[in-house]
Amino acid sequence: MGNRLSKIYTRTGDDGSTGLGDGSRTGKDSLRVSAYGTVDEANSAIGVLLAVALPDDVRALLTTIQHQLFDLGGELCIPGHAAIQAADIDALERHLDRYNDDLPPLKDFILPAGGEAAARCHLARTIVRRAERETVALARVEDVRGEAVRYLNRLSDLLFVLARVLARADGHGEVLWNHERRRA
């Protein structure tokens, strides 16, 4: 790949524009930059989650997801590029089903809590949801492959389930939303 990042600053973005992966330039506030920037933010949030103790299987899965999010960021940065495949989405669904099978059904909403790992996972989930919204907004005005949106949708679901798993693994348990608290 070579030494592509030998100089970090280029000054080419001082005018408020940035280069896309295909060599074209766009505004730093464009929908495309927002979408792949939020994918990068989600990846960083997963990195923050990986900085705490986790079960080995969850750690391995999240590391794979980080690589896929980097691929997805590249896909969104290079108009017309395809990096996320249907098989990636299928794999997320298999993991989602596997982890969800061992959880009791939810009868109430849960708060984004349940111990440090679970709370970090919930934060990553909400950032992935924002990345999904921003990718949908981009898809309304530019070509975006459906796999990108589906991947983010399944990933946020998986992170929700993993947060539940982590809350239980830490011994903190899930914190249920008390919708009756105002009536008392």
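The structure displayed is predicted, hence computed values, not measured ones.

Rules of the game
Residues numbered from 1 in each chain as written. Predicted model: local features only at pLDDT ≥ 70, side-chain atom pairs only at ≥ 80, totals over all residues. Heavy atoms only, no water. Helix = DSSP H or I, 4+ residues; strand = E, 2+ residues; numbered from the N terminus. Buried < 20%, exposed > 50% of the residue type's maximum accessible area, 1.4 Å probe, protein only. Contact = heavy atoms within 4.5 Å. Areas by Shrake-Rupley, 256 points an atom, 1.4 Å probe, with all protein chains shown as cover. Lys, Arg positive; Asp, Glu negative; His and termini not counted. Salt bridge = Lys/Arg side-chain N within 4 Å of Asp/Glu carboxyl O.

Take the overall build of the protein next. When helices and strands are tallied, the protein shows 5 helices and 2 strands. Shown N-terminal to C-terminal, the secondary structure of the protein runs as helices and strands in the order β-β-α-α-α-α-α. Across the 184 residues of the protein, 38% fall into the buried class. Excluding contacts between residues fewer than 6 apart, the proportion of contacts in the protein whose partners are at least 24 apart in sequence is 71%. Put simply, the protein shows about 10,500 Å² of open surface, and 52% of that area lies on carbon and sulfur atoms.

Position of leucine 103 relative to the elements: it lies in the loop between α3 (86–101) and α4 (116–139). Of the residues examined, leucine 103 reaches a relative accessible area of 12% and is grouped as buried. With sequence-adjacent residues up to four places away left out, leucine 103 is seen in contact with Val161, Arg164, Val165 and Arg168.

Our next topic: the side chain of arginine 125. Positionally, arginine 125 belongs in helix α4. There is no salt bridge for the buried arginine 125, and the closest opposite charge comes from aspartate 157, which lies 8.0 Å off by N-O distance. Those residues in contact with arginine 125 that sit more than four places away from it in its chain are Pro112, Ser156, Leu159 and Phe160.

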